[in-house]
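Understanding the architecture of this molecule
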Number of protein chains: 2
Amino acid sequence: MLEADLALSEAKPQRGGRGARRERRAHSAQDQGRPYIVRGIPTYDILSEESLVRIEQTAERILAEIGIELREDAEALRLYREAGAKVTDISADVWNLKFEPGMLREILRTAPAEFTQHARNPANSVRIGGKNVVFAPSYGSPFVMDLDRGRRYGTIEDFRNFVKLSQSSPWLHHSGGTVCEPTDVPVNKRHLDMVYSHIRYSDRAFLGSITAAERAADSVEMCRILFGADFVDQNCVVMGNFNTTSPLVLDGVTTAGIRTYAAANQGSIHLPFLLGGAVAPLTIAGMVAQGLAESMASCALTQLVRPGAPAVLASFFSSMSLRTGSPTFGTPEPAIGSLVMGQLARRLNLPLRCAGNFSTSKLPDGQAMQQSMMSMMSAIQGGANYVLHSAGFLDGLLSMSYEKLVMDTDMCGALHAYMDGMEVNDDTLGFDALAELGPGQHLFSTAHTLRHYETAYWDSALNDDQPWETWDEQGGIDYAWRANARWKKLLAEYQAPALDQATDEALLDFIDRRKSSMPDMWY
Amino acid sequence: MLEADLALSEAKPQRGGRGARRERRAHSAQDQGRPYIVRGIPTYDILSEESLVRIEQTAERILAEIGIELREDAEALRLYREAGAKVTDISADVWNLKFEPGMLREILRTAPAEFTQHARNPANSVRIGGKNVVFAPSYGSPFVMDLDRGRRYGTIEDFRNFVKLSQSSPWLHHSGGTVCEPTDVPVNKRHLDMVYSHIRYSDRAFLGSITAAERAADSVEMCRILFGADFVDQNCVVMGNFNTTSPLVLDGVTTAGIRTYAAANQGSIHLPFLLGGAVAPLTIAGMVAQGLAESMASCALTQLVRPGAPAVLASFFSSMSLRTGSPTFGTPEPAIGSLVMGQLARRLNLPLRCAGNFSTSKLPDGQAMQQSMMSMMSAIQGGANYVLHSAGFLDGLLSMSYEKLVMDTDMCGALHAYMDGMEVNDDTLGFDALAELGPGQHLFSTAHTLRHYETAYWDSALNDDQPWETWDEQGGIDYAWRANARWKKLLAEYQAPALDQATDEALLDFIDRRKSSMPDMWY
């Protein structure tokens, strides 16, 4: 039980800016990160007030005139109905819900604009919302990839490896959730091993299970063992990531999971996964309007269950290949959509999960990193607060890549420096440095250069900045194979953060009991 | 002579937005581009008014108190002195010039905020300044690279190949200048072959020589043969890209070249190439202040020679590896600097050249494309008007890469779609499409999807969007090798744009005469 520590743990980020970074350089590589980023640059607001209002009005019109279909959750139906939704029965357990314009916005007023998700290491607790940005590894891939073994189904060993690699990076802030599907563990028991792996091999915050209400409940219960039941009731220590069934459907498994998290005062993310032309209009404005409508409807359920429970608005936009009809990721139109989603979330005063290191590439190559950077930039410039899929995403989310994970975490490091923005003061303006030697003289040896040398620039662990000749002599290794060497080194050097032995035993005991209580299910 | 055509050729971009793109889809791949981009999204302004003013004040203070050193150009000295510069003799042909605060800004008022650079094909003339964005290939690498032959010194054949490949891309707008150094041609004659290659193998606008005043004059003279002397005197048909000698030096070869272009009413770009800690303060705010000071001082010379001559403010920021002291490209701090430079250029009401597809990688790999995208995003979001180095840049600018060229041009295509932004109207909001089938129904077959199918998303020629299985069956080719196949295909299919035979003969005759008039020089 870590309550004593946690009671003291209102999350405090290390100060941003160069001064803070200089201090951190004195520590080990692991210490160079921050529990989360507090952005030092403004958001990139690309759409006019008038256009934003039109999108919001369209979202309200979708909710009022087309409505949301709710399936197989009578309790959710009761909550929505009591809140004022207009219900039409479609069948015995399928209903259409219509919401008067403004109704969901009113319900969402009780949701916090910003909240803390506590980590078992209080220094790693994260603030979600406002100017805060939290990076978490990718989520949900059935396959894993590395350059040695190629593509294969993920296992619990892969899962643990990804948790360890994420924990090893100073540039991630959160351990994520289903970092890959551990397909060698029965479907109805995997969540226990996944939650345990996050607790055991990371000391950061994480996501729990959402694939069934009882698995959501197990996730919360394991957190009660870890943090103490009272603490959990009063604080967010776990979140669930819930997908709507687009277009415009909430299924009962999802809503039951949402209710479970909200009732326990835990966080939930409400994600329409929108593939334009398939489950949303092909045009990006329409996709954003629909995404806003769906995410608002899903978020609102949390406030009907327990006003004040943390809820995160979310969006995931994907485009389509004109040649094959396949979904495409990391393309320009979704990036624009993500920027706009940031504007809409701020107008709603809710935290936002958006974008990530998306790519359709099947290898950790130039396509992968070019698409990833465009997509990631939209997240950080658009003001996303929680960026799931920050590391490892390849193959249109079907594969989690070992190499891409370390490439992406390195990029996340660069984005820390980017989000610090530019410090403008007498020292950084450097007039004296320039005046010291005057025109035509190099500044290598000025006091200003020496003073700032270790802190002026972000230092990549993976890029090769050497002259071509040196690089060539060292074997001319490309980025993907350097990443391959790096993840192996990180795994070899990984050390698990300490975990109280009694807590560990209690968790393992709980898992044993739950596993024994049910037969294996494989679908 | 193409005057008749040119007289009619006030450049008109094709309309931006999806509607315009739909029209263009009906044409061949070559026709999908635009002569230049008119941005549909606002710039990303990250710095406050107060901080911008501090940077400007520091630039003015550098100019007033430290001054600029001018070397070996008595005519430039005369012009600066007559305009009011305070001159201190350092030696017989080296002078320090100090400028009272505000003086250079006043001189720069006659420089156009926006101008047209005419191409020999009037449809390809570009507008530089304002909301316009022009992409040109990379500039100045002594080496070239491809996956088959590795790194080697560039030749005139490579030069021609890069001009042809650039011309083949619908996503570049300008043929650039020294796309690689043709090291097999004598130093004092290369410019003739380079300018001829741009004229012969491209029908877009291009940059002339700047390495000596007489080579600048030859460049302008060749343009007079192509466009007619009167037309050239009244219109910008060529530009020179001039580097200051940082910190704070203008050498006489450069200023003589600048005077040559300005006297002929041709454009010039005024670029401090700033490596923090070497030729500028290590801190980015100081680097930007110095860059602004140097570029303003260099730009101002054009207006002293011929008020109204086109001049382009410019910046190139590079960081430094903390481990090796090597320059690094495509890193976060310079990207932030480029965004700020955009704000400063708009306050000065001058067109801006800034950033590009920078990388320190030695291969067209993930590092290359990740760094390139971050750097390119800073150019297009910061409001750069002329983006040299838009394609081919590798190895810290030491190498021009065949594969990276086609990767980058493909990325430039994505950036066209990005800069179109989001169109918000009843059609794109797609309410009817969503209402047509209602919740839970896919939109594949709606009229809205079919109507927008060919135009909603940018279509990459190089990314692989296929399912993993299909990609694997086709050999599992990575991005770099797809690019390798693509540049070979483009070169094989390349067709030179028509050039009037008499003009061609006149150009070749001029080149013959110039070459015969001087012995070969190899340094």
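Residues numbered from 1 in each chain as written. Chains lettered and ligands numbered in written order. Predicted model: local features only at pLDDT ≥ 70, side-chain atom pairs only at ≥ 80, totals over all residues. Heavy atoms only, no water.

Notes on empty space enclosed by the protein
For the record, the criterion: Using a 1 Å grid laid over the protein atoms alone, points where a 1.4 Å probe fits but cannot get out form a cavity; open sets with protein on both sides within 12 Å along at least 5 of 7 lines form a pocket; any residue with an atom within 4 Å of a point counts as lining. Grid points are joined across faces, edges and corners, and a volume is the space filled by probe spheres set on the points. All residues other than Ala, Val, Leu, Ile, Met, Phe, Trp, Tyr, Cys, Pro, Asp, Glu, Lys and Arg, Gly among them, are scored as polar; the first ten of these are nonpolar and the last four charged.
Summed over the entire model, instances satisfying the criterion amount to nine cavities of 30 Å³ or more. Estimated volume of the largest cavity: approximately 100 Å³. In terms of lining, the largest cavity is formed by 13 residues, of which the most central are Trp458(A), Ser460(A), Asp465(A), Thr328(B) and Thr331(B). Split by residue class, the lining of the largest cavity holds four nonpolar, seven polar and two charged.

A few points about the sheet that holds strand β2 (residues 68-71) of chain B
Within a sheet, each strand pairs with its neighbour through backbone hydrogen bonds, oriented either parallel or antiparallel. Residue and element names in this part refer to chain B. Put simply, the test is: Paired strands, as defined in this entry, are two strands with at least two bridges between them according to DSSP. Helix and strand definitions here come from DSSP, where helices need a minimum of 4 consecutive H or I residues and strands a minimum of 2 consecutive E residues; each element is numbered from the N-terminal end. Convention adopted: a line fitted to C-alpha atoms gives each axis, helices being fitted over their contacting stretch, and angles between N-to-C directions are expressed from 0 to 180 degrees. Note on definitions: a residue-residue contact is assigned when non-hydrogen atoms from the two residues lie within 4.5 Å.
Taken in spatial order, the four strands make up an open sheet running β3-β4-β2-β11, and their pairing is mixed. Only two strands of the sheet have a single partner each, and these edge strands are β3 (86-91) and β11 (249-251). The sheet shows a mean angle of 25° between the axes of neighbouring strands, direction not considered. Bridge count between β3 and strand β4 (residues 94-98): five bridges; the pairing is antiparallel. Each residue of the ladder has a partner; that of Thr-88, found in β4, is Asn-96. Packing against the sheet, helix α3 (residues 49-66) makes contact with β2 and β4, and its axis sits at approximately 135° to β4.

Digging into the interface of chain B and chain A
Convention followed: When two parts are brought into contact, each loses some accessible area as probed by a 1.4 Å sphere; the total of that loss over both is the buried area. By definition here, a salt bridge exists when the distance from a side-chain nitrogen of Lys or Arg to a carboxyl oxygen of Asp or Glu is within 4 Å. Polar contacts here mean pairs of N or O atoms no more than 3.5 Å apart (in protein, one a potential hydrogen donor and the other a potential acceptor; neighbouring residues in sequence count only if both atoms are side-chain atoms).
The interface of chain B with chain A comprises 123 residues on the first partner and 123 residues on the second. Around 10200 Å² of area is buried between chain B and chain A when both sides are counted, 67% of it from carbon and sulfur atoms. When the buried surface of chain B facing chain A is broken down by residue, Leu322(B), Met422(B) and Tyr457(B) rank first, second and third, together holding 9% of it. The interface formed by chain B and chain A includes six salt bridges. The residue Lys362(B) makes a salt bridge to Asp464(A) at a minimum N-O spacing of 2.8 Å. Run the count over chain B and chain A and you get 35 residue pairs in polar contact (both at pLDDT 80 or more). With nine residues, the top contributor of residues to the side of chain B that touches chain A is helix α13 (residues 366-382) of chain B.

Description of the pattern of salt bridges
Residue and element names in this part refer to chain A. Under the definition given, this model contains 62 salt bridges over all chains. Between Glu-75 and Arg-78 there is a salt bridge, and its shortest N-O distance comes to 2.7 Å. Of this pair, Glu-75 and Arg-78 both sit in helix α4 (residues 74-83), three residues apart, which is roughly one turn of that helix. Members of the salt-bridge network, linked through shared partners, are Glu-49, Glu-56, Glu-60, Arg-105 and Arg-347.

Keep in mind that these numbers describe shape and distance, not what the molecule does.
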